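# Analysis of the macromolecular model
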Amino acid sequence: MSASLAVRDLSVRYQTPRGEVHALRHVDLDAEPGQVIGIVGESGCGKSTFVSALANLLPPNAMVEGAIGYGGTDLVGLDPCRRRMLQGNEIALVSQDPMTAFNPVLTVGDQLVDFQHHRSDLGRAEKRRRIAAMLERVGISDPERRMNSYPHELSGGMRQRVAIAAALLTDPGLLIADEPTTALDVTMEAQIVHLLAELRREYNGIIVLVSHHLGVIAELCDRVYVMYGGEVLEAGDVEEIFDRPRHPYTRALLACDPARFDERLERLPTIPGAPPNLIDPPPGCSFAARCSRVFAPCHTTHPAAKVLPTGHVARCHAVVL
Ligand code: ATP
Ligand code: MG
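Conventions and cut-offs
- Residues numbered from 1 in each chain as written.
- Chains lettered and ligands numbered in written order.
- Predicted model: local features only at pLDDT ≥ 70, side-chain atom pairs only at ≥ 80, totals over all residues.
- Heavy atoms only, no water.
- 1 Å grid on protein atoms, 1.4 Å probe; cavity = no way out; pocket = protein on both sides within 12 Å on 5 of 7 lines; lining within 4 Å.
- Points joined across faces, edges and corners; volume = space filled by probe spheres on them.
- Nonpolar A, V, L, I, M, F, W, Y, C, P; charged D, E, K, R; others polar.
- Salt bridge = Lys/Arg side-chain N within 4 Å of Asp/Glu carboxyl O.
- Helix = DSSP H or I, 4+ residues; strand = E, 2+ residues; numbered from the N terminus.
- Buried < 20%, exposed > 50% of the residue type's maximum accessible area, 1.4 Å probe, protein only.
- Contact = heavy atoms within 4.5 Å.

### Quick word on empty space enclosed by the protein
Here the structure, examined in full by the defined rule, presents three cavities of 30 Å³ or more. As a volume, the largest cavity reaches approximately 70 Å³. Forming the boundary of the largest cavity are His247, Pro248, Cys285, Cys291, Arg293, Cys298, Pro303, Arg315, Cys316, His317 and Ala318. Taken together, the residues of the lining of the largest cavity sort by class into seven nonpolar, two polar and two charged.

What follows is the structure, encoded as structure tokens:
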């Protein structure tokens, strides 16, 4: 099934002995089948929390509020059993470390047969044929031999390909990749990016891609969400974000990107300061303490999301419509 995604006012709090961590705050997101959505932001800003909420993979100490509309159904409001069934079949997440997705004592083939448990219409032989075709699709040569391998016998890049194949075998309408290349070396990263670029052309569901790598986001995504302190501070079409960023945080992130690094500068610029403490988030703008354009209201008043005529959204007092 390909369905649209409409996230409304989504918040996640983690209960911890030190207090509640407000890891995701009032996030809205819209996506249509065929779109690739990019999520960027510094470490700890809530990217994994957000995509784990979409995939129903949050740990038990997480509390979720708001709505995740998928094909017109609010997943957050569903009873847990229906939610698990729907999300299990429709939403697949590929994580940074593909090893966590696999059982070390089962062969790749046996595990991938299990990934198709929803296809009760197919026999085991047919499932294995589908697996071989999918492994070939993600660039694994000699799929029959690989199906008899154990996960530890594959290289990191190959494991990530198998993880992507496993995700696609469930025929998801929403495919999420959370930093799929972070654990890989540069050559492997380029190969996985190439694979995602190919998938992008033929897959008709929604892809959500989380990456630190702005070049990868610019190459693969249609729309980009820039997160900071658990919030979306800016969202817009990919050209808008990279060519006409409106939020000072997005501008600062782009200035720190190694690909855009000005060789005349001796050191890569970094944004001075540290992200806010999410146990006690600041009352005003999350980025105020580090912002070069800060003025009085930024410290006291939480900025509303301003929607520009281009559909570009920025949560900043300094942005004028
Ligand atoms: P990274 O780029 O490092 O992967 P991220 O943007 O994915 O970071 P999250 O992992 O979503 O960030 O974390 C957001 C905040 O929630 C952080 O402050 C983190 O410490 C906190 N956090 C994440 N998981 C838990 C948990 N299970 N219990 C308590 N706090 C958590
Ligand atoms: Mg993360």
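Now that the structure is up, let's keep going.
### As for the pattern of salt bridges
Across all of its chains, the model carries 17 salt bridges by this definition. Between glutamate 126 and arginine 129 there is a salt bridge; the shortest N-O distance is 2.9 Å. Placement of both glutamate 126 and arginine 129 in helix H4 (residues 124–137) is noted, with a separation of three residues, approximately one turn of the helix. Take glutamate 126: its relative accessible area is 32%, and that puts it in the partly exposed class. Overlapping salt bridges bring together Arg119, Asp121, Arg130 and Asp171 as one network.

### Focus: helix H10 (residues 248–255)
Counting buried residues along H10, six of its eight residues qualify, which places the element largely inside the surrounding structure. Of all the positions in H10, only Pro248, Tyr249, Thr250, Ala252, Leu253 and Leu254 are classed as buried. Turning to H10, the residues buried within the fold contact strand E3 (36–40), helix H8 (214–220), strand E9 (223–228), strand E10 (231–237) and helix H9 (238–243).

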